[in-house]
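Breakdown of the fold
Spelled out, the chains give:
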Amino acid sequence: MNDRSQLKFALAALSAGLAWGYLRHRQSGRAALMAVLQGLEWFVAYGGAAALLTLAREGLEPNEDGTVDGERITHFRQVVTERTGTEG
């Protein structure tokens with residue numbers, strides 16, 4: 001699932017969480033706050049935060065060829081071999 005469809009799915013979970021949180025706590029004086037917390041919990045649980053971060057990273061990184069390969073270089077390894085000149 002790509003990041004845009006993942007974000008749409010998480011937004012649907014957010015709205016469902018808002019509705020469920022309000023219905024569950026409608027007798028309480030803090031029903032709106034509890035609904036927002038429930039919605040945010042479901043949004044994060046269904047990958048909304050990760051999708052937002054990925055889309056933000058894609059927007060900030062320059063991309064010359066227009067394709068996204070999905071891999072990033074995290075570290076380099078350098079191997080040094082010593083040659084003395086006396087080897088055959």
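Structural data are supplied above this passage.
Here we summarise the structure given alongside this text. Each chain has its residues counted from 1, following the order in which its sequence is written. In keeping with the model being predicted, local features are shown solely for residues with a pLDDT of at least 70 and side-chain atom pairs are shown and tallied solely at 80 or more, while totals for entire chains, interfaces and linings include all residues. Side-chain calculation: all heavy atoms of the structure are included, whereas hydrogens and water are not.

**So, the packing of aromatic side chains**
Each aromatic pair joins two rings of Phe, Tyr and Trp (for Trp, the six-membered one) with centres within 6.5 Å, and gets the label stacked for planes under 30 degrees apart, edge-to-face for over 60, and tilted for any other angle. By the definition in use, this model includes one aromatic pair. Relative to tyrosine 46, the ring of phenylalanine 9 lies with its centre 5.4 Å away and its plane at 85 degrees, an arrangement referred to as edge-to-face. With a gap of 37 residues between them, phenylalanine 9 in helix α1 (residues 3–24) and tyrosine 46 in the loop between α2 (31–45) and α3 (48–60) connect regions that are remote in the sequence. Here the term buried applies to any residue with accessible area under 20% of the maximum for its type, exposed to any over 50%, and partly exposed to those in between, with areas from a 1.4 Å probe on protein chains only. The class for phenylalanine 9 is partly exposed, based on a relative accessible area of 41%. Helix and strand definitions follow DSSP, with helices as H or I runs of at least four residues and strands as E runs of at least two, each counted in order from the N terminus.

**A word on the nonpolar core**
Among the nonpolar cores identified, the biggest contains five residues, and these are Leu7, Ala10, Phe43, Ala51 and Leu55. Mapped by element, the contributors of at least two residues to this core are α1 and α3. Think of a nonpolar core as a cluster: buried Ala, Val, Leu, Ile, Met, Phe, Trp, Tyr and Cys residues, connected wherever their side-chain atoms sit within 4.5 Å.

**Looking at α3**
With 13 residues, α3 should reach 18 Å at 1.5 Å per residue; the first-to-last C-alpha distance of 18 Å fits that figure. Within α3, burial applies to Gly48, Ala51 and Leu55. Looking straight down α3, one finds its buried side chains confined to an arc of 65 degrees; they lie on one side. Turned more than 90 degrees away from the buried face of α3, the exposed residues are Leu53 and Leu60. Looking at the packing, one finds that the buried side of α3 touches α1 and α2. Between the first and last residue of a helix there are one fewer steps than residues, each counted as 1.5 Å, and that sum is the expected span. Directions pointing from the helix axis toward each C-beta atom define the arc. We call two residues contacting when some pair of their heavy atoms lies within 4.5 Å.

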